[in-house]
Amino acid sequence: MLQLTQCEVISNIPVRVNYDLENMKTIIGKVVILGHQGVGKTSTCTRYVEKTFNRHISPTIGASFFISRIKVLDDYVKLQIWDTAGQERFKAMTPMFYRNAKAAFLMFDITSEASFNSMKNWVLELRRNVEQPMVLCVLGNKIDLAERRVVSRDEALAYSKTIGARYFEISAMRDQGIEIVFKFVAMELLRMSTKNSSATSLKVYNTENVNGVMASSSELEATDIGNEEIVNMSINSIAHGHTVPSRCC
Amino acid sequence: MSYLDVEPGAAGESLLLTTDTNATFDNQYMSSSLEEIKNEIEPSETEDSNNESISNVTTYEENSSPMSVDNEDHEDRIQDKKWALMDKHIFVLSLAGKPIYSRYGNEDKLAWLFGVMQTLVSFIQSNDDNLISISAGGINFVFSIKKPLILVAVSRKQESVQQLQNQLNYIYNQIASMLTTSKLIKIYEQRQNYDLRRLLTGVERLINHLLDFAEAEPAFLLGAVQCLSLSSSKRSNISSAIISSCSKIKNIVFAILLANNKLITLVRMKKYSLHPSDLHLIFNLVQSTESFKTVESWAPICLPRFDSSGFLYGYVSYLSEDCQACLLLLTVERDAFHTLKEAKQRIVEKLRRNNCLEAINESLAKPDVNCAESGFLEVRHYLYKSKSTAQFYQPSVSPPYNKYGQVLTDLYKRLHQGLHCSARPLKLFFERRANEAIFAWDTVGFELYIIFEPLVETGNVVAIITRLLNWMKEREDNLFHLQVPTF
């Protein structure tokens, strides 16, 4: 029963699929990055896009937009990423960035309890306002400051589980785990779209497969990916309090 | 002699709003421009970007930075001494006396001082009067009460009360441009002792930058904008590329292209014009936000002189990797990012095709001539402001002032004060000093400030000025933006 509703929800996903000449699929998905000010949203983006890190980066004003094209097996996923400003005064603007987003990065700073709580508020806000299913990733940033950690991995992992999100720990400064996060989202979006477009390819990407690809990444050692995560793509299920292992679909 | 016939950079219609810099700045704001634009085109649209609730304000965790108490007393005292001797302090506080901003030092530690300032202001107010300034021991204390904020400048520099008021005004506008005045007022209506710093995190940086910027840039003193030197045909090519690329897009109010603190072009909606001080805030924003260089941004910007009650939404992006000019497309639509992003791509394509990018790069790479190079050996530096267009021109700075910029700034402040002191404004000012002779002239059409070599002959001064005006007149198409492109 549960599986059915899940699939129904997923089939409504308005993921755009474009075919180019070589019959290679390009999937376009909007991704939003949310979190308290100073947790490292922009740093993570610049680390990923420009491969640089600037300790004195200026706070984002409004939001920044960039596009990332990621190849997943034979297909391309084009992520339209909105890096939002964490300051309270921009809060009113944020709905326009998470509206129609296919995925959200919820970021906090492992050395700040306040940023973790603030992230929970973002989850509540998404839950209230977002109807479509969404890939959720909780990102604990600044693991390079492990000695100042106040949010434990278990706590973050447990929380992620309750909202059906995947938990990653990253460091924008040391470039740990960032590639994997973006790749993960790209693959999840691809999975959503394949389910959408044809029933036969439903099982092409199951969880083992996803993990398999990840394991082959050279950066696995650098990351702390909890091993208990449950991938869940529907934000609707949060409201019902169910967590659905992705394997079921 | 008819110097007045020569008025470089003058134009019947102006790109920018041209109010006198020192004209009363209170409530001279064009209000409701935003509403007008929205209503004109979409009368049904009632969404107001500002009516976000601030009711959750009370529930927000207090996380104001805790005072550090581990500092030793002695160190504190040394710090205090240094702190007290700073050239210019700027403070912002709420009417209730809550600290909001201090240029130097931690506001929380200075709470007592903010208390004193608030007391002074309210004591005078209780007698139905307003505290404007106090002068003591060579220090000017200038107060500006702009409900719901109090702004205070404490300056040891040779600056007039008016000039300091003007700077405080810019700071107020900077805060308003981040929040809108209507929101500011609403916040304090709901909670008088609200800690505004929570909403202004990150804005201190903009204010700090603005203070340094205003110190170094004559644009702020003159209330005018300098244009990048470009041939008038190239400039109009650029403007028309912008106009044609945006022709089908509704509700773009301003399109601004700038580089290196100079304006390249400004295209505006027919009915609305931009005040130089709003443009200065945009320059400040662009200059102090490195990240605009690498990614496209969508930023809410309130231009207080244009409409202090609401936000315009700005698509901000540098033209391309190979051309460091920054384009801002300002609209009233909050969802127009992708439309404007596409428009920007069209603009860049057109500019590339017309070799405009090259022209901009060329002009950026080549510094303006200095006075000696243009044949004015007796002149060290000058500022020329065309009043009718609110634009100014300055040659590049040559020795000795390239190393002592502050000296030059102080000289211009002195000259400016001479012309604009409200008690006894001068039309003509000439002063021979130990190191230079300084001159200022205020006419109906322009203001001219010149720093001469100290031994320049007084009899020659008039001839040099005439030559200088003619020199600029010949080049006015390049030095000034004389067309008024509109959407």
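Residues numbered from 1 in each chain as written. Chains lettered and ligands numbered in written order. Predicted model: local features only at pLDDT ≥ 70, side-chain atom pairs only at ≥ 80, totals over all residues. Heavy atoms only, no water.

**So, the packing of helix H8 (residues 232-245) of chain B against helix H10 (residues 337-353) of chain B**
All names here are of chain B.
Point 1. For the pair H8 and H10, the least separation of the axes is 9 Å and the interaxial angle reads 145°. Between H8 and H10 lies a crossing of right-handed hand. Taken together, the residues of H10 that come into contact with H8 (itself represented by Ile238, Ala241, Ile242, Ser244 and Ser245) are Ala343, Arg346, Ile347, Lys350 and Leu351. (Axes fitted to C-alpha atoms, helices over the stretch in contact; angles between N-to-C directions. Helix = DSSP H or I, 4+ residues; strand = E, 2+ residues; numbered from the N terminus. Left-handed = near helix turned anticlockwise from the far one by under 90°. Contact = heavy atoms within 4.5 Å.)

**Here we look at the pairing of strand S6 (residues 135-141) of chain A**
All names here are of chain A.
Point 1. Counting buried residues along S6, 7 of its 7 residues qualify, which places the element largely inside the surrounding structure.
Point 2. Side chains of S6 alternate between two faces, with Val135, Cys137, Leu139 and Asn141 and Leu136, Val138 and Gly140 buried alike.
Point 3. The β-α-β motif built from strand S5 (residues 103-109), the intervening helix H4 (residues 113-129) and the parallel element S6 has right-handed crossover chirality.
Point 4. Judged from the 4 bridges that link them, S6 and strand S7 (residues 166-169) form a sheet pairing that is parallel. Directly across from leucine 139, in S7, lies its bridge partner phenylalanine 168.
Point 5. Note on the crossover from S6 through helix H5 (residues 153-162) to S7: the handedness is right-handed. (Buried < 20%, exposed > 50% of the residue type's maximum accessible area, 1.4 Å probe, protein only. Right-handed = clockwise from strand over helix to strand, strands pointing away. Pairing = 2+ DSSP bridges.)

**Focus: the environment of methionine 119 of chain A**
All names here are of chain A.
Point 1. Here methionine 119 shows up in helix H4.
Point 2. A relative accessible area of 0% places methionine 119 in the buried class.
Point 3. A C-alpha to C-alpha distance of 8.8 Å links methionine 119 and valine 138, two positions 19 residues apart in sequence.
Point 4. Not counting chain neighbours up to four residues away, the residues in contact with methionine 119 comprise Leu106, Met107, Phe108, Val138 and Tyr159.

**Concerning the sheet that holds strand S15 (residues 437-442) of chain B**
All names here are of chain B.
Point 1. Here 6 strands make up an open sheet; going across it, the order is S6-S13-S12-S16-S15-S14 and the pairing mixed. Of all strands in the sheet, those bounded by a partner on one side alone are strand S6 (225-226) and strand S14 (428-432).
Point 2. Relative to strand S16 (residues 446-452), S15 runs antiparallel, the two being bridged by 6 bridges. Bridging across to S16, alanine 437 finds its partner in phenylalanine 452.
Point 3. Strands strand S12 (379-386), strand S13 (391-393), S14, S15 and S16 of the sheet are contacted by helix H13 (residues 458-474), whose axis makes an angle of about 125° with S16.

**Topic: the confidence of the model for chain B**
Residues and elements named next belong to chain B.
Point 1. Mean pLDDT for chain B: 85, with 88% of residues reaching 70 or above.
Point 2. Within the model, the stretch residues 21-27 combines pLDDT values under 50 with 14 contacts to residues more than four positions away or in other chains.
Point 3. Throughout residues 43-69 the model reports pLDDT below 50, and contacts reaching past four residues in sequence, or to other chains, amount to 41 contacts. (pLDDT = per-residue confidence, 0-100.)

**Observations concerning the pattern of salt bridges**
Residue and element names in this part refer to chain B.
Point 1. Per the stated rule, a full pass over the model turns up 29 salt bridges over all chains.
Point 2. The residue aspartate 212 makes a salt bridge to arginine 103 at a minimum N-O spacing of 2.9 Å. With a gap of 109 residues between them, aspartate 212 in helix H6 (residues 203-216) and arginine 103 in the loop between strand S2 (99-102) and helix H3 (111-125) connect regions that are remote in the sequence.
Point 3. Owing to a relative accessible area of 46%, aspartate 212 belongs among the partly exposed residues under this scheme.
Point 4. In the salt-bridge network here, residues are joined through shared partners; they are Arg380, Arg414, Glu431, Arg433, Glu436 and Glu453. (Salt bridge = Lys/Arg side-chain N within 4 Å of Asp/Glu carboxyl O.)

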